[in-house]
Amino acid sequence: MAVSRIFGAAVKRREDPRLITGRAVYTDDVKLPNLAYVAFVRSPHAHARIVRIDASRARSAPGVIAVVTGRDLAGKVGNIPTAWLIPNADLKTPAHPPLAIDTVRHVGDAVAAVVAESRAAAADAVALVEVEYQVLPAVVDQEKATQPGAPQLHPDVPNNIAFRWRVTGGDIEAAFRSAEVTVRQRLRNQRLIPTAMETRQVVAEYNPATGELVVTMTSQNPHIHRNILSGILGVPEHRLRVIAPEVGGGFGSKIHCYPEEAVVSYLAMTLGRPMKWSEDRRENYAATIHGRDHIVDLELAAKRDGTILGLRGRCYANLGAYLSTAAPGIPTILHGLMMTGCYDIPALDYEVVGVLTNTTPVDAYRGAGRPEATYAIERMVDILAAELGMDPAEIRRRNFIPPSRFPATVASGLTYDSGNYAATLDRALQIVDYQKFRAEQAEARRQGRLLGIGLSTYVEICGLGPSAVAGAVGFQGGLWESAVVRVHPSGKATVFTGTSPHGQGEETTFAQIVAEELGIPLDDVEVVHGDTARIPMGWGTYGSRTTAVGGTAMTLAARKVKEKARMIAAHLLEVSPEDIVFENGRFAVKGVPERSKTFQEIALAANLAWNLPKGMEPGLEEAAFFDPSNFVYPFGAHVAIVEIDPGTGAVKLLRYVAVDDCGRVINPKIVDGQVHGGVAQGVAQALWEAAVYDENGQLVTGSLMDYAIPTATVLPMIETDRTETPSPVNPLGLKGVGETGTIAATPAVVNAVVDALSHRGVRHLDMPLTPEKIWRVLSSTT
Amino acid sequence: MIPSAFEYLAPTSLSEATAFLAAHPEDAKLLAGGHSLIPLMKLRLATPKYLVDLQHIPGLKGIRETDGMVEIGALTTHYEVLSSSVVRERLPVLAETAEVIGDVQVRNRGTIGGSLAHADPAADYPATILALDAEIVAVGTGGERTIKATDFFVDLLTTALKPDEIITRVRIPVPAPGTGASYQKFPHPASRYAIVGVAAVVRLNTDGTCATAAIGITGAGSKAVRARAAESGLVGSRLDDAALQRAGAAAAEAVDPVGDIHASAEYRRHLVREFTVRALRAAAERARSR
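A quick note: this is a predicted structure, and the numbers were derived from the prediction, not measured.

### Some details on the overall build of chain B
Next up, step 1: Of regular secondary structure, chain B possesses twelve helices and 14 strands.
Next up, step 2: The C-alpha extent of chain B, read off along each of the three principal axes, is 60 × 45 × 30 Å.
Next up, step 3: Looking at the 290 residues of chain B, the share that counts as buried comes to 52%.
Next up, step 4: In chain B, the proportion of contacts linking residues at least 24 apart, taken out of those at least 6 apart, comes to 65%.

The following block contains the structure:
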């Protein structure tokens, strides 16, 4: 590669001017002639039989066009499928009708759809649909749901257990037999609500003359949505176009297939008018997936010198009322397989019980299984350190997988691609001046101040992933990625990616990749994504895969273009292609730099095709499809420093240092931004966020007045730094960074709070670490 | 999140507005900054038939000092209060209160009159208004009357205003020399309302003893209250730590908090004690440095 000017540069995000100035077009900005509006009637009960639905008053209300119920859709709109069918787990996939037919299973479960001339008329008519319910006992706790006598959600899911999945590796019995010390702990990883700034939206338009259905929607993966909607609606894929315009964040919540998009599409097809549905925030909290919600019991076996011998335990994963699109894979493949973290732990035995409850379905939320795994192992390592009287940094260093072991196969069977874990920890400790802080902490304690430091050394699995592995673990799709680089006669390029960025900044980073490869100005590259009619097959944006997989496909397509351009240059310059060098945007004869053609000249020649090498096809456009050979495994060390107010128990985050290694960096500004956002969400789980249900299944934190998301005012400046350990999995050495902050931050903050209270005998506290919780600890230990 | 249908009125005089209110006492709501009312309407928790917008009525905005009083028009936004040179000079505790209301958007739109009339039990202004012995001036069809802040808050979301009355301004006496005041708040992690907020105003005698003390508390019951027993216990003291702790304990006795998922009643009572001490300590320090 030529001397890098664009690749690696902190270019400002080209997305931002339109986003900041309100010129971006989101789904709700789509206005079509004759548009009708859909609103959903939702269950106020967590569990009930539907005795009767009377929509006659609603149907006769002003502006109302139609009201449909679950029975009306039966046989016409297919059930909402589960698309990650994990093997060897006795998986049950209960029916999820698009509108509830006999039974509602969570507050917010949709029972009817109202179509009206305006959003207001639709909202008014929702209140006029009379639904008679026979309320049934509900269960919200995943352990209680498996016990005898618990309310049963689905007739074909005994004891509400959707699956039992287990991972084993090494000799766990021997590990615990030979252990000199064991520690055990129950950890609750509380339920979170993704809270994308833009709620879900859909506009569906059907042309009966052509049979084409166009669905504009908030999607992280339009091709997957096209495929699933095609199955649900019976519209063939080649007549179904899914467009994801500007999407205002997803955090996983816009991966999945939900009832509303299918119902709105069906209504557009049957009523002959374009339809829009705009989710409001209360619906978003009740009807769009939640994340996390694990109860985990873990036990570590170790030697007295801190060497960890084995990890065993069981997780009860709350999956909510239905099995959402990817739900079975999140707490198993993306969680259970990562339980040993960045440590060389030879033995593992971990069972995950997936449980259905009368709550909103749970699926992938930023990090999706890995934050839960990292939280578990990082808490356990600190608990072991406390048990042994070891420094938390020292116990980590003792157990890290050493750089010489990579590629490193761990007890779960995964093979980590590359890593140097100690380097990130050393750097982070250097930045915070760890030894100096320990001295300050001791002095502060003498003054009655409560200071704490928390470490989190993580590794995560991302860059999803090899398609063969996807198939082996039951993911009902491929995980390769596509790219097209189309060079126009002027030498400008429009490039197309099958990924679907929605805030991450790949319109900028992908342009950097292509501009670098082709030696053209950044501004000469336009990145197109999010439209199944414009883009070859692709699998979307999630699992920190966009750059590692989609960016690699883009690189390969650009290199194909460059290679064809070289052939043309050689032909025009009358030398053999091996004698052409490409530098600074020019194809030159080796040793004769004045004999050269610019990339733009070649682009014109290729598109005119007046004089091309014999047999060469005209044009300058190439596609590439990249299927990675392995996942990528970013890693790093995060350090949090907190002070607790002894008078209130409130935690103040004083410093936050993130040292990440996401392989080679295309744009440091964007990487920093991803880390900032991820850390904010990770810190928020530790300190503030929790989706709380009461015993009857009512969501107590049903709005932003009660669900505490992080804001800039409650966070410190986040200090970022990096090491660069390239991945061998792709030619650019890329890893992912979209989720690392969320994965790393939560245990860093909890470890810091526990550290601040450790001299008071505190070993563990469950999240969120609210002021009252800590105040009660302080009150009981003084 | 779509309000039910309502009729929008934009009166241009107080007499027009009060006459309308008198004619529709049950089903009209006044719109000031809208930062409490509009969300309630979007959730259909409030479904007024008539929305009476006050913004076209002249004379309801602005801050001025007159005859030892600071007068603040009802439609003055929180931002205008916190950035007012008169307020920052004469009533810094009111600016300190306005600075921690909600967020930037709320402070730019929300108004002092709207906040007081809404009487949210966790709003910030009521604590400070009570501790400063402010007066609320309201106009109705029967004319103008002045209501003492201590008589104004009646119960949850309920004030002494009659159905046809509109707050026109708030009158706050400029504190005498030797006075210091502070508002200390423990914010709700999601809404940023006060879980507990305490305003303390103390005046010192020249010998450093406490001449008068006033403590207003919000967030710890169905309405904001004064902690009278705590106040009287401070008079004559040197506002030393023991005195402040006694006042904190007395204030905690004076409230009747309700718990929720973010703070139990017991914890709120503790916070009243803690923040009473903090507010008094800061107020005393300011009084001493004046």
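That covers the picture; the talk isn't over yet.
### Here's the deal with the nonpolar core
Next up, step 1: Grouped together as the largest cluster of nonpolar side chains are 351 residues, with contacts concentrated most on A:V114, A:V514 and A:V749.
Next up, step 2: If sequence neighbours within four positions are ignored, A:V114 has contacts with A:V38, A:A39, A:V41, A:A58, A:V64, A:V67, A:A122, A:A125, A:V126 and A:V129.

### Comments concerning the interface of chain A and chain B
Next up, step 1: Taken together, the 18 residues of chain A in the interface contact 14 residues of chain B.
Next up, step 2: For the side of chain A that touches chain B, the element with the most residues is helix α4 (residues 119–126) of chain A, which contributes four residues.

### Here's the deal with helix α13 (residues 434–446) of chain A
Next up, step 1: Taking 1.5 Å per residue as the helical rise, α13(A) with its 13 residues ought to reach 18 Å, and the 19 Å between its terminal C-alpha atoms agrees with that figure.
Next up, step 2: Residue A:G448 follows α13(A) closely and has a positive phi angle near 85 degrees.

### Considerations on the environment of A:G733
All names here are of chain A.
Next up, step 1: For G733, the location among the structural elements is in the loop between β28 (718–722) and α19 (740–757).
Next up, step 2: Taking the C-alpha atoms as reference, G733 lies 5.8 Å from G663; in sequence the two are 70 residues apart.
Next up, step 3: With near-sequence residues (within four places) excluded, G733 lies in contact with G663, R664, P726 and S727.

### Some remarks on the sheet that holds strand β14 (residues 308–320) of chain A
Residue and element names in this part refer to chain A.
Next up, step 1: Strand order across the open sheet formed by five strands is β7-β15-β14-β13-β8, with mixed pairing between neighbours. The outermost strands of the open sheet, each flanked by one partner alone, are β7 (161–169) and β8 (181–192). On average, each strand axis in the sheet is tilted by 10 degrees relative to the strand beside it, whichever way the strands run.
Next up, step 2: Pairing of β14 with strand β15 (residues 347–356), which is carried by ten bridges, proceeds in the parallel orientation. Among the inter-strand pairings, Y316 is bridged to a residue of β15, identified as V353.

Parameters at a glance
- Every chain is numbered independently, its residues counted from 1 as its sequence is written.
- Chains and ligands are labelled by the order in which they are written, letters from A for the one and numbers from 1 for the other.
- Confidence filtering applies because this is a predicted model: local features only for residues at pLDDT of at least 70, side-chain atom pairs given and counted only at 80 or more, and all residues used for totals across whole chains, interfaces and linings.
- The numbering of helices and of strands both runs from the N terminus, where a helix is a DSSP run of H or I of at least 4 residues and a strand a run of E of at least 2.
- Once C-beta atoms are placed from the backbone, each residue is buried if 20 or more other C-beta atoms lie within 10 Å of its own, exposed if 12 or fewer, and partly exposed for counts between those two.
- By the criterion used throughout, residues are in contact when their C-beta atoms, derived from the backbone, lie within 7 Å.
- Residues enter a nonpolar core if they are buried, belong to Ala, Val, Leu, Ile, Met, Phe, Trp, Tyr or Cys, and are joined to the set through C-beta atoms within 7 Å.
- Here the expected length of a helix is defined as 1.5 Å per residue gap, with one fewer gap than residues.
- DSSP-based pairing: two strands are paired if at least 2 bridges between them are found.
- For every element, the axis is a line fit to its C-alpha atoms; helices are fit only across the contacting stretch, and the angle between N-to-C directions ranges from 0 to 180 degrees.

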